[in-house]
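# Structural characterization, general
Here are the chains, one letter per residue:
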Amino acid sequence: GDSVTQTEGQVALSEEDFLTIHCNYSASGYPALFWYVQYPGEGPQFLFRASRDKEKGSSRGFEATYNKEATSFHLQKASVQESDSAVYYCALRPNTGANTGKLTFGHGTILRVHP
Amino acid sequence: GPKVLQIPSHQIIDMGQMVTLNCDPVSNHLYFYWYKQILGQQMEFLVNFYNGKVMEKSKLFKDQFSVERPDGSYFTLKIQPTALEDSAVYFCASSLAGGDTLYFGAGTRLSVL
C-alpha cells in the first residue's frame, strides 16, 4: 500500500537557521503531495500541495518540490522563527481519479526553534 | 480560516461502553472524514462520508464503528462497544469537494479504561 516516510522525528534549530525535513513516499503513479502543520492544541493545518513532477509548493516561507524520480517532497525554509515550532506532517493522496480525499500521513516531525 | 470544531476535547469511558464523538464541520463543506492517531503513531484514515453515505472506509473502521450526520447537524463517530485499543486521538475533517483541501479539527482524545 501507499506510505510516507519522514526521516526526522525531531529537529531542533536556532532562529534564522535553515530547515530541511525529509519526506519520501511510496505510491503508484502521480499522487498529490501535501505538507500540513500542527500547532499545540490545534488540528493539522494545510500548508501547501503539489500534484506534478517538478512542481513547487510554497506558503509562509516554506517550500517543497515534487521529485518523482527520487519519490521525495522535502520541506525547506531558509530562516526559521520561534513561531515555526510545531509538528510537520507530509502526506499523499493517491491519484485514483475518485478524489475521495483519503490522505496517507507520515509520522510527523517535531520542530523546535530556540530564540 | 475555516474552522472545524470537535466536542469534547477529551473523553474518558470504561471499556464496553458506547461513545459518540461530535464534529461541527465547516458550514458549506460536503465531505466529511474521521482519522485516528494512536500515541506516537501517524494519523490514519478511518472513513469518509458524503451525501449521507460512507464512501470509503479503512480496515481500522471496525464493525463497532458507525458515522452519521443527521439533518445537517453534527457529523458523529459512534463506537459501540468500545475496546481498549480504541484509545487514541480522533480527528474530524471536512472539505468542500472530494479532492479539495481537508480542514481538520483539534481532535478528541478518547481514553478507554
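Report on the accompanying structure. These numbers come from a predicted model, not from an experiment. (Residues numbered from 1 in each chain as written. Chains lettered and ligands numbered in written order. Predicted model: local features only at pLDDT ≥ 70, side-chain atom pairs only at ≥ 80, totals over all residues. Heavy atoms only, no water.)

## What about the state of the cysteines?
This is how it is decided: When two cysteine sulfur atoms are found within 2.5 Å, that pair is recorded as a disulfide. A run of DSSP states H or I qualifies as a helix once it reaches four residues; a run of E qualifies as a strand once it reaches two. Both are numbered from the N-terminal end. Under the scheme applied here, a residue whose accessible area is under 20% of the maximum for its type counts as buried, over 50% as exposed, and between as partly exposed, the area being computed with a 1.4 Å probe on protein chains only.
In this structure the tally under the stated criterion is two disulfides over all chains. Disulfide partner of A:Cys23: A:Cys90, at an S-S distance of 1.9 Å. One disulfide, between A:Cys23 and A:Cys90, carries an S-S torsion of -65 degrees and so falls in the left-handed class. Of the two residues, A:Cys23 is situated in strand E4 (residues 23-26) and A:Cys90 in strand E10 (residues 86-93); the sequence distance between them amounts to 67 residues. Like A:Cys90, A:Cys23 is buried. Here B:Cys23 engages in a disulfide with B:Cys92; their sulfurs sit 1.9 Å apart. Here B:Cys23 and B:Cys92 share a disulfide; its torsion about the S-S bond, -65 degrees, makes the bridge left-handed. Separated by 69 residues along the polypeptide, B:Cys23 in strand E3 (residues 19-24) and B:Cys92 in strand E9 (residues 88-95) bring together distant segments of the chain. When its relative accessible area of 0% is taken as the criterion, B:Cys23 is described as buried.

## Notes on the interface of chain A and chain B
The condition that has to hold: Note on definitions: a residue-residue contact is assigned when non-hydrogen atoms from the two residues lie within 4.5 Å. The term buried area means the drop in 1.4 Å probe accessible area that two parts suffer when joined, counted for both and summed. A side-chain nitrogen of Lys or Arg and a carboxyl oxygen of Asp or Glu constitute a salt bridge if their distance falls within 4 Å.
The interface is formed by 18 residues belonging to chain A together with 19 residues belonging to chain B. Between chain A and chain B, a total of about 1600 Å² is buried, with carbon and sulfur atoms accounting for 54% of that surface. It is A:Lys102, A:Phe105 and A:His107 in chain A that bury the most area against chain B; as a group they hold 31% of the surface buried on that side. Seen at the junction of chain A and chain B, the total is one salt bridge.

## Points about the nonpolar core
Here is the rule: To qualify as a nonpolar core, a set must consist of buried Ala, Val, Leu, Ile, Met, Phe, Trp, Tyr and Cys residues joined through side-chain atoms within 4.5 Å.
Judged by nonpolar contacts, the single largest core of 26 residues is most densely connected at A:Leu19, A:Trp35, A:Leu47, A:Phe48, A:Phe73, A:Leu75 and A:Tyr88. Of all the secondary structure elements, the ones that give two or more residues to this core are strand E2 (10-14), strand E3 (19-21), E4, strand E5 (32-38), strand E6 (45-50), strand E8 (62-65), E10 and strand E12 (109-114) of chain A. Sequence-distant contacts of A:Phe73, defined by excluding residues within four places in its chain, comprise A:Cys23, A:Leu33, A:Phe34, A:Trp35, A:Phe48, A:Arg49, A:Ala50, A:Ala64, A:Thr65, A:Tyr66 and A:Cys90. Judged by nonpolar contacts, the second largest core, of 22 residues, contains B:Trp34, B:Phe75, B:Ile79 and B:Cys92.

These values are about where atoms sit, not about what they do.
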